[in-house]
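The chain contents come next:
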Amino acid sequence: MNPARGSLLGIEHLEAAEILRLLKFARRMNPDKPRPLLKGKRVLLLFYEASTRTRSSFEIAAKSLGAHTVLIQAMGSSIEKGESLLDTGYTLRAVGADIIVIRHPNAGAPYVMAQHIDVPIINAGDGLHEHPSQALLDAYTILRNKKTFKGLQVAIVGDIFHSRVARSACHLLSKFGVKIILCGPPELVPDIATTLAPGVRVTRHIEDALRGTDVVMLLRVQKERLAGMKIDLSEYVARYQMTPARLKMAKKDAIVMHPGPIIRGLELTSEVADGAQARILEEVHNGVPTRMAILARAMGKMR
Amino acid sequence: MSPEKHRTSLLIKGGHLIDPAARIDAPMDVLLKDGHVAEIAPSNKIKGAADEKLDARGLIVAPGFIDLHAHLREPGQAYKETIATGTASAAAGGFTSVCTMPNTLPVVDSVEWVEWLRQPERGAVVNVFAVAAATRASKGATLTDFRALHSAGAVAVTDDGKPILEDSIMREALVLGGELNFPVVQHAEDTRMTEHCSMHAGARSFRLGLRGMTAAAEASIVERDVQLAMQIPNARLHVAHLSTADALKSVRRGKRAKARVTFEVTPHHFTLTEEDMRDYDSNFKMNPPLRSASDREAILAALADGTVDAIATDHAPHAAHEKEMEFERAAFGITGFETALALAITRLHREQRIPLARIVDLFTAGPARCFDLRGRGSLVRGSVANVTVFDPKRKWTFDAAKSLSKSRNMPFDGWHLTGKVVATIVGGKIVYSA
């Protein structure tokens, strides 16, 4: 498969050097100091799924680079009338899209698009598969707080099975030798998750996950995706909810991250969400420069 | 007129005959006359003139291949395939008989539709056997009229595409099938365990973010069915497209206990694994899905040791617009007639060293036994004059764009293969020649 140059379909097949180049360039991006790298370009935001952070962040990033943006949502477009993914793609190409940013409930949808349409495709989250821009902004956030990936230990707690964020994060962090501990019940954290990337370990015990950890990444329990699974939420809270007491088991300077949306009282308490160690809003903030870098790269302007 | 009734004579000369049912593996000439095999004799021993001659020097002459499992898509889905295009594709793959599955629109669950499939207007190039639905509209609730379907010429019953899930219905089907000597074909999948799944459950499905069908979803149904077949006198169970090592264990147990259990495997399951799917290419999506390497190895072992009864294609054509889309939403199934023999020769004979005679058996006598297809699967005198002539050494490249099927959905486009069908003869008439 030959996706258009500048496409970002996932982290798995991205080289470590390319990731560092992106993160370095992101540090030079600032939405408050717009740079017209994408002046006159058209960025199409094709969203088949609900999104607050990712969508607004890509939109602001594109505009900060001088691009026009058009948002197409499944509701209220031809998609609702039954237009296929590829026909929508061909249509967007025909109206002059320079970049297509796609969020889709099915894994691999951006790959199908990239196979047929010679416009850079940016994966803004595909089903359970990957969420590369989130992994990059999380890496950016980690580096701002920890300076280096060297010797780091990251615990990812919660619904790994349904999480594209977790898959992308594992691929990314593993490329830099980070120790990754996945924690949760077997239904949400299957043992097979260790095959995702080198350096990934699974534990059922929150203490085990937190001991010596530099970064605690929490994930939402995706109630809407739990169809057919027997998950007792109160038991989940009892065993895995991040509380101030539990957080003390991690390193003293550990930071708490969460891709959002957060559900207070479920995967974390308000004290943790609003506490000094939380970097949840910083992640959102860092999403804009990171996505500016992703869009600049898509147009070959990452220089 | 049925494609099998051709009033003329054809002498196939100079070839090497492999007829496993007749225990022949030697240079032989074959004379076909009035739609039947008239004579088999060592080279140049057949006297008298024939209307036509076929030079088979350097080629293998085999009984006509039989495909126990194909979707010809009629009635109702002619945009995917018709009986005419499907059987033309089958002929190009060396198949002289094709058993067509009933999951059509409407479902073939009545005598009328079984007869409709055989009408000359369908334009069949090879012989078509109907496999009728086991339950009304394949809804799994009420059995169809097995007796009437059997008399009308259906060779087996199945709800293929779906399993017969209810224990009581499957038991009833096997009891009634047993009384009539009628095989019940099971698509073994516990659909309660495979909702929203699009590939095999394992490390790869986890990595790709696709929900996976577990091996247990197949194996649990096969195990139940084999148990039933062991309990019910004369029951005949045929497991369709078996794909997992665990299901194979159940079948082996059933066979050892002398239960009447047969099964087929597909070329794609003995050729590919879950690892072969790249870039969410839905040409690698079928049901059952491509399995793990160890499942494939178990199937290869069963092919080599004689446990497998038949190779069947599960030829499942779909229009491009049903495949070129999100992997999870794309239709299940791939086409398979034209690559079946070449994959068997390339993977089983050349790589696994399985003798050609065994491979021929899996395409001929084996499937004929599974569904009691009398006069077929062998070339003993008096058999139906269905013959497949192939070159086991010829190297070629499969070009899906040139396929005779209406659809192109398959993963072997551009593959370099060894072994090619040279001529397909149905009822004494050459219906395909390369």
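Definitions and cut-offs
Residues numbered from 1 in each chain as written. Chains lettered and ligands numbered in written order. Predicted model: local features only at pLDDT ≥ 70, side-chain atom pairs only at ≥ 80, totals over all residues. Helix = DSSP H or I, 4+ residues; strand = E, 2+ residues; numbered from the N terminus. Rg over C-alpha atoms; globule rule 2.2 N^0.38 Å. Buried ≥ 20, exposed ≤ 12 C-beta atoms within 10 Å, placed from the backbone. Contact = placed C-beta atoms within 7 Å. Pairing = 2+ DSSP bridges. Axes fitted to C-alpha atoms, helices over the stretch in contact; angles between N-to-C directions. Nonpolar A, V, L, I, M, F, W, Y, C, P; charged D, E, K, R; others polar. Expected span 1.5 Å × (residues − 1). Arc of directions from axis to C-beta. Domains from an automatic or database assignment. Parallel < 35°, antiparallel > 145°, perpendicular 65-115°, else oblique. Left-handed = near helix turned anticlockwise from the far one by under 90°.

Secondary structure summary: chain B contains 13 helices and 20 strands in total. In terms of overall dimensions, chain B is globule-like: its C-alpha atoms have a radius of gyration of 20 Å, near the 22 Å expected for 434 residues. Projected onto its principal axes, the C-alpha positions of chain B cover 65 × 45 × 45 Å. When each of the 434 residues of chain B is scored for burial, the buried share is 62%.

A few words on the overall build of chain A. Scanning chain A from terminus to terminus reveals 11 helices and 9 strands. Computed over its C-alpha atoms, the radius of gyration of chain A comes to 19 Å, within 12% of the 19 Å expected for a compact globule of 303 residues. Overall, chain A is about 55 × 45 × 35 Å in size when its C-alpha atoms are taken along their principal axes. In chain A, which comprises 303 residues, the proportion classed as buried is 49%. Taking the contacts inside chain A whose residues are at least 6 apart along the sequence as the reference set, 76% of them involve residues at least 24 apart.

On to unusual backbone geometry, then. The linkage connecting glycine 260 of chain A with the following residue, proline 261 of chain A, adopts the cis geometry, with an omega of -5 degrees. With respect to the helices and strands, proline 261 of chain A occurs in the loop between strand E9 (255–257) and helix H10 (270–273). The amide bond that connects asparagine 287 of chain B to the next residue, proline 288 of chain B, takes the cis arrangement and shows omega of 0 degrees. When you line up the elements, proline 288 of chain B lands in the loop between helix H8 (267–271) and helix H9 (293–304). In this structure, serine 138 of chain B is a non-glycine residue whose phi angle is positive, near 50 degrees. Along the chain, serine 138 of chain B falls in the loop between strand E10 (127–133) and helix H3 (146–151). Unlike most non-glycine residues, histidine 241 of chain B shows phi in positive territory, near 25 degrees. Examined against the element boundaries, histidine 241 of chain B turns out to sit in the loop between strand E15 (236–239) and helix H7 (245–256).

Residues and elements named next belong to chain A. Strand order across the open sheet formed by 4 strands is E2-E1-E3-E4, with parallel pairing between neighbours. Sheet topology places strand E2 (68–73) and strand E4 (121–126) at the edges, where each strand pairs with a single neighbour. Each strand of the sheet is rotated relative to its neighbour by a mean of 15 degrees, with strand direction disregarded. Sheet topology places strand E1 (residues 42–47) next to strand E3 (residues 99–104); 5 bridges connect them, and they run parallel. Counted as the bridge partner of phenylalanine 47 is arginine 103 from E3. Together, E1, E2, E3 and E4 form the strand contacts of helix H2 (residues 53–64), whose direction differs from that of E1 by roughly 175 degrees.

Let's shift gears to the sheet that holds strand E5 (residues 153–157) of chain A. Residues and elements named next belong to chain A. The strand order E7-E6-E5-E8-E9 describes an open sheet built from 5 strands, whose pairing is parallel. Bordering the open sheet on either side are strand E7 (200–203) and E9, each of which pairs with just one other strand. Looking at each pair of strands side by side, their axes are set apart by 20 degrees on average, direction ignored. Note that strand E8 (residues 215–218) and E9 share 3 bridges and pair parallel. Looking at the pairing, valine 216 lines up with valine 256 of E9.

Taken together, the contacts link 22 residues of chain A with 17 residues of chain B. Of all elements in the fold, only helix H3 (85–94), helix H4 (109–116) and helix H6 (164–175) of chain A reach the threshold of two or more residues within the side of chain A that touches chain B. In terms of residue count, H4 of chain A provides more of the side of chain A that touches chain B than any other element does, 4 residues in total. Along the lines of polarity and charge, the residues of the side of chain A that touches chain B split into 12 nonpolar, 8 polar and 2 charged.

Moving on, we get to H7 of chain B. Residues and elements named next belong to chain B. Over its 12 residues, H7 runs 16 Å from end to end, which matches the ideal 16 Å to within 8%, given 1.5 Å per residue. Here H7 has its buried residues at Ala247, Leu248, Ser250, Val251 and Gly254. Summarising the axial view, the buried residues of H7 lie within an arc of 160 degrees, below the 170-degree limit, and thus occupy one face. Check the buried side of H7 and you find it contacts helix H6 (215–231), E15, strand E16 (260–265) and H9. Downstream of H7 by a residue or two, lysine 258 has a phi angle that is positive, lying close to 65 degrees.

A few words on helix H12 (residues 356–363) of chain B. Along H12 of chain B, 6 of the 8 residues are buried, which leaves the element largely enclosed by surrounding structure. Taken together, the buried positions of H12 of chain B are Leu356, Ile359, Val360, Asp361, Leu362 and Phe363 of chain B.

All names here are of chain A. Per the domain assignment, the segments making up chain A are domain 1 (16–130 + 287–298) and domain 2 (133–283). Taking only C-alpha atoms, the centre of domain 1 and the centre of domain 2 are 26 Å apart. Taken together, the contacts link 18 residues of domain 1 with 15 residues of domain 2. Mapped onto the side of domain 1 that touches domain 2, the elements with two or more residues apiece are helix H1 (16–27), H2, E4 and helix H11 (280–298). The dominant element in the side of domain 1 that touches domain 2, judged by the number of residues it contributes, is H1, at 5 residues. Taken together, the residues of the side of domain 1 that touches domain 2 sort by class into 8 nonpolar, 6 polar and 4 charged.

With that out of the way, let us pick up the packing of helix H4 (residues 167–180) of chain B against H6 of chain B. Residue and element names in this part refer to chain B. Packing of H4 against H6 leaves a shortest axis separation of 10 Å and a crossing angle of 40 degrees. In terms of axis orientation, H4 runs oblique to H6. Our pair here, H4 against H6, has a crossing hand that is right-handed. Between H4 and H6, the residues in contact are Asp167, Met170, Arg171 and Leu174 and Arg224, Asp225, Leu228 and Ala229, respectively. Considering only residue class, the contact of H4 with H6 consists of 4 nonpolar, no polar and 4 charged.

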